[in-house]
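An overview of the molecular structure
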Amino acid sequence: MGVFRMPSLGADMEAGTLVEWLKQPGDTVRSGDIIAVIETQKGAIEVEVFESGTLERHLVEVGATVPVGTGLAVIRSDGTPAGAHNDLPPVAPVAVAPPSAPATPPPLERTALAGSFGPKASPAARRLAQERGIDLDTLTGSGPEGAIVFVDVEQAWLRRGASVVTGPAKSSGVDGMRAAIAAAMARAKREIPHYYLGHSVDVSDSLDWMGRWNDSHPPADRLVFSALLAKAVALALDGFAEFNGQYRDGQFHAAAQVHLGIAIALRGGGLVAPAIHDAARLSLPQLMTALRDLTNRVRAGRFRGSELADSTVTLTSLGERGVDWVQPVIYPPQVAIIGAGAIQRRPWLVGDSIVPREICQLTLAADHRVSDGHRGGLLLREIEARLQAPEAL
Amino acid sequence: MTTDQGGTVATVTYRDAVRMALQDALRRDPRVFLMGEDVGRYGGCYAVSKGLLDEFGPERIRDTPLSEGGFVGAGIGAALGGMRPIVEVMTVNFSMLCLDQILNTAATLRHMSGGQFSVPLVIRMATGAGRQLAAQHSHSLENWYAHIPGIRVLAPATVEDARGMLWSGLVDPDPVIIFENVMLYNMSGELAEDAGGVAIDRAALRRRGRDLSLITYGGSLWKTLGAARQLAGEGIEADVIDLRSLRPLDDATIMESVARTRRAVIVDESWRSGSLAAEITARIVEQCFWSLDAPVARVCTAEVPIPYPKHLEDAALPQPAAIVAAARAVMGR
């Protein structure tokens, strides 16, 4: 692979004009072949190529005057795949000073720098955008003089669903989120030795209690089962530090508080899992408010970086229209995710009688590097116990 | 009043703190003596050394002729001879007369003697404007000294530093210049009664924020802290860095802050061109460029001789309103 450049046909030659191409794209060339005719101050000169291969494409047009050293054509040597030199831009003609003017050597391939430097953006924003594969042209700046600043890029990144992302994404919008989810889930399955547990939980008492609560409270204060579940999970984790934290740099770091990631599907496709901070500390009505607020903001594309970055465990709930159970995938760098299937009315043995009960299948996917199945089972049992004493939630 | 450690604290002025530092040094080390214009019988132009002549006598509290080149040179000689002199130059504006002694003698002797001689000298100078002393008594020229290798330049902004930096400067084997801003002498602050020497090579984070770094020293610290409080009311939380040492500059503290906040405003009561603010700006750009979210901004003194009329003097100096405006600008507000 090589670039055929405007040759220097004399010590005082600064530029030459391409008069004729003698080889066309696709032609085979051999070292020593005459490839083009160049007009210089000394007249038209036939020039030869010193590489063998295929002329892939011309970089300048006939009639163009370009400085010595400018790439004129790409020569693909035998065995090199086509298109491997596409990074070389076509060269526009450069105005050359008349011979009488004092010589200023024209810079080589200046056209590579030609054109816009893009929107006004701070160095911090540019660095972050490059790291995360975000196109600055798609952003609106909030900084001085309308410059794009760090937080603008960060927000764009978060809107894209960065909670599940670990590497640079190349595209934007839904595609970007898809790429982000792909990266995170592939990493999860590649790096995390998952184990899975499931448990059927009778949540009839929880639902009854919730019904009574909702009957005695105004609509604004009413609860949904997800809030009870979130609280039960947050409280249960208190005694199970090995499920609540992040695995970084080959080591598990337990978290002091439960920042409960809530998986929320987006209408346009994809999902994010921002956290409710210190969920165990919130009362049920507070948790309900937080859930509603988070869901609304996520669907409006407005949530905070801290809500995405510091989840310590995640809850994914399939909701009313979901199926019986889910075998979830852990969001790295977390080490556990708890799933809840849709609540189904099922025949259930209570004492010696078969009675209809509301059953929810809870599942746990956890990182076997950090915890073992025995403890995972105890955690699911603990969540069950919490759900069956809803008045204590 | 007592401290957490059970020691007692007292409210003292900055002037008191400097005097306590002088008394302490004079009592602790018989090699220490103070000399300068009007430091003895008059008690110091800013009343810092009032009473010291009575306590320590004319051998150790020495009034000098109005000859900065002479008495700073004498101080250098005494330091070379094994003494620990403290030389007071009434204001930095007068120190041009002894700049040759400081730059060409004090700062160079260790180097030129191959390390055989050191000059353990402390020079105290008042600096700064705000007292309507007009253009020959009001300039801030600290950065001229901060330019010189071979000396250490300190700017105490708190009573604790006013009390502590003198002793630390005396312990240093090389020349140390301490700049006392004239607007601070009447300021009060709490000081532990057992206060002593302080570290002199690190800047101090006087306020912690997340949105921008306000970097300042000396008399401007309090205006900057006032501006930071006002900004907090607008939801802008600023780090406030008190440089304390102007040479060497504590790059680590500055860069840690700027890398975190991504924005910097430097408040410096000297003229903008060739100022310490310019030096700090350059260092931030050299070391923190890829962390910046806005151009580094400076709030400096207008490039005029400091005016005598109060309203013009106020207008020439960095003021909280200008600091707030600069902070808003780097925040894009």
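This report concerns the structure included in the present document. Quick caveat, the model's predicted, so the values are computed rather than measured.

Counting secondary structure elements, chain B contains twelve helices and 14 strands. The 333 residues of chain B split such that 50% are buried. Long-range pairs, those at least 24 residues apart, make up 79% of the contacts in chain B with a sequence separation of at least 6.

Once that is clear, we can look at the interface of chain A and chain B. On the side of chain B, ten residues touch chain A, which itself brings ten residues to the contact. Among the elements that line the side of chain A that touches chain B, the one with the most residues is helix α1 (residues 123-132) of chain A, at four residues. The residue inventory of the side of chain A that touches chain B, partitioned by class, reads six nonpolar, three polar and one charged.

Quick look at the packing of helix α3 (residues 68-80) of chain B against helix α4 (residues 99-106) of chain B now. Residue and element names in this part refer to chain B. Relative orientation of the contacting elements α3 and α4 amounts to 30°, with a least axis distance of 8 Å. In this view, α3 runs roughly parallel relative to α4, as classed from their interaxial angle. Contacts from Gly69, Val72, Gly73 and Ile76 in α3 reach Asp100, Gln101, Ile102, Thr105 and Ala106 in α4.

All names here are of chain B. Strand order in the open sheet formed by seven strands is β3-β2-β4-β5-β7-β6-β12, with mixed pairing between adjacent strands. What marks the edges here is a single partner per strand, and that holds for β3 (61-63) and β12 (245-247). Neighbour to neighbour, the strand axes of the sheet diverge by 20° on average, direction disregarded. Looking at chain direction, strand β2 (residues 32-36) and β3 are connected through three bridges and run parallel. Within the sheet, the bridge partner assigned to glycine 36 lies in β3 and is aspartate 63. This element, helix α1 (residues 14-28), spans β2, β4 (84-89) and β7 (176-181) of the sheet and lies at about 135° to β2.

All names here are of chain B. Pairing in this open sheet of five strands is mixed, and the strands run β9-β11-β10-β13-β14 from one edge to the other. Every interior strand has two partners, whereas the edge strands, β9 (204-207) and β14 (297-301), have only one. Going across the sheet, the axis of each strand differs from the next one's by a mean of 25°, ignoring polarity. Of the pairings in the sheet, the one linking strand β13 (residues 264-271) to β14 comprises five bridges and is parallel in character.

Reading the values: rules and limits
- Every chain is numbered on its own, with residues counted from 1 as its sequence reads.
- All chains are assigned letters beginning with A, and all ligands numbers beginning with 1, in the order in which they are written.
- Totals for whole chains, interfaces and linings use every residue, but because this is a predicted model, local features are given only for residues with pLDDT of at least 70 and side-chain atom pairs only at 80 or more, for both listing and counting.
- Helix numbering and strand numbering both begin at the N terminus, where a helix is a DSSP run of H or I of at least 4 residues and a strand a DSSP run of E of at least 2.
- Residues with at least 20 other C-beta atoms within 10 Å of their own are called buried, those with 12 or fewer are called exposed, and the rest are partly exposed. The C-beta atoms themselves are positioned from the backbone.
- We call two residues in contact when the distance between their C-beta atoms, placed using the backbone, is within 7 Å.
- Asp, Glu, Lys and Arg are counted as charged, while Ala, Val, Leu, Ile, Met, Phe, Trp, Tyr, Cys and Pro are counted as nonpolar; the rest, among them Gly, fall into the polar class.
- Between N-to-C directions, angles span 0 to 180 degrees; the directions come from axes that are lines fitted to C-alpha atoms, helices contributing only their stretch in contact.
- Here is the rule for angles: anything less than 35 degrees is roughly parallel, anything more than 145 is roughly antiparallel, 65 through 115 is roughly perpendicular, and the remaining ranges are oblique.
- Between any two strands, pairing holds if DSSP finds at least two bridges.

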